[in-house]
Amino acid sequence: MRTYFWKYFSVFLLFAMMSHVYAQGIKSVRFNEIMLNNQNNYQDEFGDRNAWVEIFNSGYSTINVGGCYLTNDPENPTKYRIPKGLPNTILAPRSYATFIFSGNSDRGVFQVGFRLDSVGYLALYDQSGKFLIDSFSYAYPEMPADISFGIYENDKTHQWQQMEEPSPNMVNYNVIEKTRAEKFYENDRHGFVITLTIMSVVFLALLLLAIIFTFTGKFFKKQAGKSQQPKQQQTDLPAPIKPLADNNDDDMPAIAMTLHLYFDNQHEVEQTGFYLNPQHGQSPWGAKALNFRQLPK
């Protein structure tokens, strides 16, 4: 029992979500322009000129208006059904479709089966005939010929107003916005400003590069100079001999021993002086076994 409940509940939830997404998409379709007294303007494929209404898909998803309803009677929302299953009724994002109110729907997809009066009401319903997509009321009892009313695309208020020029199946613009290049050309026809701007940019770029390379070169040059400085050579020269102090009794035995060994030929003769020959390997200077005798001569 619970399994069937969850199955039916899932199906119901899926249909609810799909209908919500559909409603959100179809809501982007709206009436965009209308002409009631068409004398020398829009002509259909049969050469006739009748009242027409333009609808606009203002969204960014594809919408199929096939099966939707057009009506001029608030009490009868399903007065005229747009043919279903035809590729012509599929509106691409930001695209348009124009319906001709000729009163003869047998002529084609966009030929509506009723006519429009100079004062009235027009509405667009979804395929169920219950969800109102868009509607508007109008009253133009003395409408001049070939004059249309619509919503300008660049008008943020989206208010209906008289069009400067009818534009079925086209975007409605009251003032054509100029590009930045066109505006710049109007302010600088001879190119002085653009020339100075380009030269200033190039000059500043070259100056910046020169500053960077100058400081970079000085820095690396300084680092190279530090690495090429000769290191102080360490010498192993013996420390200078301090002169003997007068009447120093501690130095006399060393001098006497040196002279004794000198006369016994137990030293090396050097130009810088004479030194004792080490015996029995390396020994300290004060080793008595090598330097003193028990009975000196």
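Here the structure is a predicted model, which means the values were calculated and not measured.

1. Quick word on the overall build of the chain
Consideration 1: For the chain, the helix and strand inventory stands at five helices and 13 strands.
Consideration 2: Within the chain, residue pairs in contact and separated by at least 24 positions form 54% of the contacts whose partners lie at least 6 positions apart.
Consideration 3: Within the structure as shown, the chain displays about 22200 Å² of accessible surface, and the carbon and sulfur contribution to it stands at 58%.

2. Quick look at the pattern of salt bridges
Consideration 1: Per the stated rule, a full pass over the model turns up three salt bridges.
Consideration 2: Residue Arg30 is joined to Glu153 by a salt bridge in which the shortest nitrogen-to-oxygen separation is 3.9 Å. Placement of Arg30 in strand 1 (residues 29–35) and of Glu153 in the loop between strand 10 (148–151) and strand 11 (160–162) is noted, with a sequence separation of 123 residues between them.
Consideration 3: Given a relative accessible area of 13%, Arg30 falls into the buried group.
Consideration 4: Its salt-bridge partner being Arg94, residue Glu153 comes within 2.6 Å of it at the nearest N-O pair. Here Glu153, found in the loop between strand 10 and strand 11, pairs with Arg94, found in the loop between strand 6 (90–91) and strand 7 (96–100); they are 59 residues apart in sequence, far enough to count as distant.

3. As for the environment of Asp155
Consideration 1: Residue placement: Asp155 occurs in the loop between strand 10 and strand 11.
Consideration 2: Asp155 gets classed as buried once you look at its relative accessible area, which sits at 16%.
Consideration 3: Taking the C-alpha atoms as reference points, Asp155 and Asn174, separated by 19 residues in sequence, lie 8.6 Å from one another.

4. Points about the sheet that holds strand 7
Consideration 1: On the basis of which strands lie adjacent, the open sheet formed by five strands has the order 7-2-1-10-11 and antiparallel pairing. Looking at which strands have only one partner, the edges of the open sheet turn out to be strand 7 and strand 11. In this sheet, neighbouring strand axes are inclined to one another by 30° on average, regardless of whether the strands run parallel or antiparallel.
Consideration 2: Strand direction decides the pairing type here: strand 1 and strand 2 (residues 52–57), joined by six bridges, are antiparallel.

5. Let's talk about the pairing of strand 10
Consideration 1: Judged by which residues are buried, strand 10 turns out to be covered on both faces: Ser148 and Gly150 on one side and Phe149 and Ile151 on the other are all buried.
Consideration 2: Bridging between strand 1 and strand 10 involves three bridges; their strand directions are antiparallel. Residue Glu33 lies in a different strand from strand 10, and its bridge partner there is Gly150.
Consideration 3: Of the strand pairs in this sheet, strand 10 and strand 11 are connected by three bridges, and their pairing is antiparallel. Bridge pairing links Ile151 to Trp160 in strand 11.

6. Points about the confidence of the model for the chain
Consideration 1: Looking at the chain as a whole, its pLDDT mean stands at 79, while 71% of the residues score no less than 70.
Consideration 2: Confidence scores differ between elements of the chain, with helix 1 (residues 2–26) showing the lowest mean pLDDT of 51 and strand 4 (residues 69–71) the highest of 97.
Consideration 3: Across residues 11–23 the pLDDT falls below 50, and counting only partners more than four positions away or on other chains, this stretch makes four contacts in the model.

What counts as what
Residues numbered from 1 in each chain as written. Predicted model: local features only at pLDDT ≥ 70, side-chain atom pairs only at ≥ 80, totals over all residues. Heavy atoms only, no water. Helix = DSSP H or I, 4+ residues; strand = E, 2+ residues; numbered from the N terminus. Contact = heavy atoms within 4.5 Å. Areas by Shrake-Rupley, 256 points an atom, 1.4 Å probe, with all protein chains shown as cover. Salt bridge = Lys/Arg side-chain N within 4 Å of Asp/Glu carboxyl O. Buried < 20%, exposed > 50% of the residue type's maximum accessible area, 1.4 Å probe, protein only. Pairing = 2+ DSSP bridges. Axes fitted to C-alpha atoms, helices over the stretch in contact; angles between N-to-C directions. pLDDT = per-residue confidence, 0-100.

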